[in-house]
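# Structure at a glance
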Amino acid sequence: MTADNAKATTSRRMPMPTPETQHFWDGTLEGELRLQRCDDCAHTYFPPRPFCPKCASRSVQIAVASGRATLHACVINHRPGPGFDEPHSIAVVELEEGPRMMSNIVDCEQTHDALPLDMPLEVTFEQLSDTIALPLFKPATSTEVAS
Ligand SMILES: [Zn+2]
(Lines give C-alpha, C1' and ligand atoms only; values in the text may rest on other atoms or scores of the structure.)
Protein backbone atom coordinates (compact mmCIF):
# COMPACT_ATOMS: atom_id res chain seq x y z
CA MET A 1 0.00 0.00 0.00
CA THR A 2 1.43 3.37 -0.98
CA ALA A 3 0.14 6.81 -0.18
CA ASP A 4 1.69 8.52 -3.15
CA ASN A 5 -0.96 7.63 -5.71
CA ALA A 6 -3.34 9.99 -3.93
CA LYS A 7 -2.13 12.88 -6.07
CA ALA A 8 -2.46 10.93 -9.29
CA THR A 9 -5.69 12.52 -10.44
CA THR A 10 -5.36 16.13 -9.32
CA SER A 11 -4.63 17.80 -12.63
CA ARG A 12 -6.35 15.54 -15.11
CA ARG A 13 -8.66 16.94 -17.75
CA MET A 14 -11.91 18.18 -16.33
CA PRO A 15 -15.17 16.58 -17.50
CA MET A 16 -17.64 19.01 -19.07
CA PRO A 17 -21.27 18.47 -18.02
CA THR A 18 -23.87 18.78 -20.77
CA PRO A 19 -27.66 19.09 -20.35
CA GLU A 20 -27.88 15.30 -20.74
CA THR A 21 -25.23 14.55 -18.13
CA GLN A 22 -25.94 17.35 -15.64
CA HIS A 23 -27.98 15.09 -13.34
CA PHE A 24 -25.05 12.68 -13.20
CA TRP A 25 -22.57 15.39 -12.15
CA ASP A 26 -25.06 16.87 -9.69
CA GLY A 27 -25.21 13.37 -8.20
CA THR A 28 -21.49 12.84 -7.87
CA LEU A 29 -21.21 16.15 -5.99
CA GLU A 30 -23.67 14.72 -3.47
CA GLY A 31 -21.90 11.37 -3.31
CA GLU A 32 -24.40 9.55 -5.50
CA LEU A 33 -23.86 7.57 -8.66
CA ARG A 34 -26.95 8.34 -10.74
CA LEU A 35 -27.98 5.98 -13.49
CA GLN A 36 -31.18 6.06 -15.50
CA ARG A 37 -33.89 3.43 -15.66
CA CYS A 38 -36.55 2.91 -18.28
CA ASP A 39 -40.16 2.85 -17.06
CA ASP A 40 -41.25 0.70 -19.98
CA CYS A 41 -38.70 -2.13 -20.03
CA ALA A 42 -36.92 -1.63 -16.66
CA HIS A 43 -33.52 -1.45 -18.37
CA THR A 44 -30.94 0.44 -16.27
CA TYR A 45 -28.29 2.23 -18.29
CA PHE A 46 -25.28 4.50 -18.41
CA PRO A 47 -24.02 6.87 -19.83
CA PRO A 48 -26.89 9.36 -19.53
CA ARG A 49 -29.20 9.93 -22.48
CA PRO A 50 -32.80 11.12 -22.69
CA PHE A 51 -34.21 7.85 -24.07
CA CYS A 52 -33.79 4.16 -23.31
CA PRO A 53 -31.02 2.59 -25.44
CA LYS A 54 -32.90 -0.70 -25.44
CA CYS A 55 -36.47 0.22 -26.39
CA ALA A 56 -36.14 3.96 -27.26
CA SER A 57 -38.75 4.95 -24.68
CA ARG A 58 -38.46 8.50 -23.40
CA SER A 59 -40.13 7.50 -20.16
CA VAL A 60 -36.95 7.24 -18.13
CA GLN A 61 -36.05 8.27 -14.63
CA ILE A 62 -32.98 8.65 -12.48
CA ALA A 63 -31.98 5.66 -10.41
CA VAL A 64 -29.26 5.95 -7.76
CA ALA A 65 -26.75 3.11 -7.98
CA SER A 66 -25.65 1.15 -4.93
CA GLY A 67 -22.03 2.02 -5.69
CA ARG A 68 -21.07 -1.64 -5.69
CA ALA A 69 -19.29 -2.95 -8.74
CA THR A 70 -16.85 -5.58 -9.95
CA LEU A 71 -13.73 -5.18 -12.06
CA HIS A 72 -14.53 -6.13 -15.64
CA ALA A 73 -11.31 -5.12 -17.41
CA CYS A 74 -8.20 -3.24 -16.44
CA VAL A 75 -5.00 -2.01 -18.02
CA ILE A 76 -2.09 -0.43 -16.20
CA ASN A 77 -0.92 2.67 -18.02
CA HIS A 78 2.79 3.28 -17.43
CA ARG A 79 3.01 6.40 -19.58
CA PRO A 80 2.75 9.74 -17.81
CA GLY A 81 -0.30 11.75 -18.85
CA PRO A 82 -2.18 14.86 -17.71
CA GLY A 83 -2.39 14.50 -13.96
CA PHE A 84 -0.71 11.12 -13.94
CA ASP A 85 2.95 10.88 -12.94
CA GLU A 86 2.96 7.22 -12.10
CA PRO A 87 1.52 3.96 -13.35
CA HIS A 88 -2.24 4.02 -12.95
CA SER A 89 -5.14 1.77 -13.75
CA ILE A 90 -7.67 2.43 -16.48
CA ALA A 91 -10.55 0.15 -15.69
CA VAL A 92 -13.95 -0.87 -16.93
CA VAL A 93 -16.14 -1.65 -13.95
CA GLU A 94 -19.47 -3.43 -14.06
CA LEU A 95 -21.97 -1.90 -11.70
CA GLU A 96 -24.24 -4.08 -9.61
CA GLU A 97 -27.16 -2.68 -11.64
CA GLY A 98 -25.57 -3.88 -14.90
CA PRO A 99 -24.09 -0.87 -16.72
CA ARG A 100 -20.35 -0.63 -17.24
CA MET A 101 -18.30 2.51 -16.96
CA MET A 102 -14.70 3.59 -17.46
CA SER A 103 -12.95 4.66 -14.31
CA ASN A 104 -9.78 4.31 -12.30
CA ILE A 105 -9.17 2.03 -9.35
CA VAL A 106 -7.65 3.87 -6.41
CA ASP A 107 -6.50 3.06 -2.87
CA CYS A 108 -4.53 0.01 -3.92
CA GLU A 109 -1.33 -0.88 -5.74
CA GLN A 110 -1.55 -0.19 -9.45
CA THR A 111 -0.50 -3.65 -10.57
CA HIS A 112 -2.38 -6.51 -12.18
CA ASP A 113 -1.65 -8.65 -9.11
CA ALA A 114 -3.47 -6.14 -6.92
CA LEU A 115 -6.31 -5.75 -9.41
CA PRO A 116 -7.66 -9.21 -10.29
CA LEU A 117 -10.67 -9.37 -12.61
CA ASP A 118 -14.03 -9.65 -10.84
CA MET A 119 -12.66 -8.15 -7.64
CA PRO A 120 -15.40 -6.41 -5.63
CA LEU A 121 -15.24 -2.62 -5.77
CA GLU A 122 -17.11 0.31 -4.33
CA VAL A 123 -17.45 3.82 -5.62
CA THR A 124 -15.59 6.74 -4.13
CA PHE A 125 -15.65 10.36 -5.24
CA GLU A 126 -12.80 12.74 -5.84
CA GLN A 127 -13.67 16.41 -5.77
CA LEU A 128 -11.89 18.08 -8.69
CA SER A 129 -13.55 21.49 -8.47
CA ASP A 130 -16.61 23.23 -7.07
CA THR A 131 -18.74 21.70 -9.80
CA ILE A 132 -17.09 18.36 -10.59
CA ALA A 133 -16.57 15.29 -8.45
CA LEU A 134 -15.20 12.32 -10.31
CA PRO A 135 -16.47 8.79 -9.55
CA LEU A 136 -13.57 6.42 -8.91
CA PHE A 137 -13.59 2.91 -7.54
CA LYS A 138 -11.64 1.28 -4.72
CA PRO A 139 -11.46 -2.25 -3.35
CA ALA A 140 -14.66 -3.02 -1.47
CA THR A 141 -14.39 -3.18 2.29
CA SER A 142 -17.45 -4.71 3.90
CA THR A 143 -16.79 -3.14 7.29
CA GLU A 144 -16.04 0.40 6.16
CA VAL A 145 -18.67 3.09 6.57
CA ALA A 146 -19.02 5.32 3.51
CA SER A 147 -17.21 8.60 4.06
ZN1 LIG B 1 -36.65 0.64 -22.27
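Model, not experiment: these values are computed from the prediction.

### What about the sheet that holds strand β5 (residues 88–95)?
Across the sheet, five strands lie side by side as β6-β5-β4-β7-β8; this open sheet has antiparallel pairing. The sheet is open, and its two edges are formed by β6 (100–103) and β8 (133–139), each paired on a single side. With strand direction ignored, the average angle separating the axes of adjacent strands in the sheet is 35 degrees. Here strand β7 (residues 120–127) pairs with β8 via seven bridges, running antiparallel. Following the sheet pairing, F125 is matched in β8 by P135.

### Here we look at the environment of V60
By the secondary structure assignment, V60 is in strand β3 (residues 60–64). Residue V60 is classed as buried on the basis of its 21 C-beta neighbours within 10 Å.

### Some points on the sheet that holds β3
Pairing within the open sheet is antiparallel, and its three strands lie in the order β2-β1-β3. Edge strands, defined here as strands with exactly one partner in the open sheet, are β2 (44–45) and β3. As paired elements, strand β1 (residues 34–38) and β3 share five bridges and run antiparallel to each other. Considered in β3, the bridge of R37 is made with Q61.

### Examining the nonpolar core
Ranked by size, the top nonpolar core spans 13 residues in total, and within it A69, A91, V93, L121 and F137 carry the most contacts. Elements that contribute at least two residues to this core include exactly β4 (68–77), β5, β7 and β8. The dominant element in this core, judged by the number of residues it contributes, is β5, at three residues. Filtering out sequence-adjacent residues up to four positions away, V93 remains in contact with A69, T70, L71, H72, R100, M101, S103, L121 and F137.

### Concerning the pairing of β7
As judged from the three bridges shared by β4 and β7, these two strands associate in the antiparallel manner. For T70, the partnering residue across the bridge sits in β7 and is P120. The loop that links β7 with its antiparallel partner β8 comprises five residues.

Rules and cut-offs
Residues numbered from 1 in each chain as written. Predicted model: local features only at pLDDT ≥ 70, side-chain atom pairs only at ≥ 80, totals over all residues. Pairing = 2+ DSSP bridges. Helix = DSSP H or I, 4+ residues; strand = E, 2+ residues; numbered from the N terminus. Axes fitted to C-alpha atoms, helices over the stretch in contact; angles between N-to-C directions. Buried ≥ 20, exposed ≤ 12 C-beta atoms within 10 Å, placed from the backbone. Core = buried A, V, L, I, M, F, W, Y, C linked by C-beta atoms within 7 Å. Contact = placed C-beta atoms within 7 Å.

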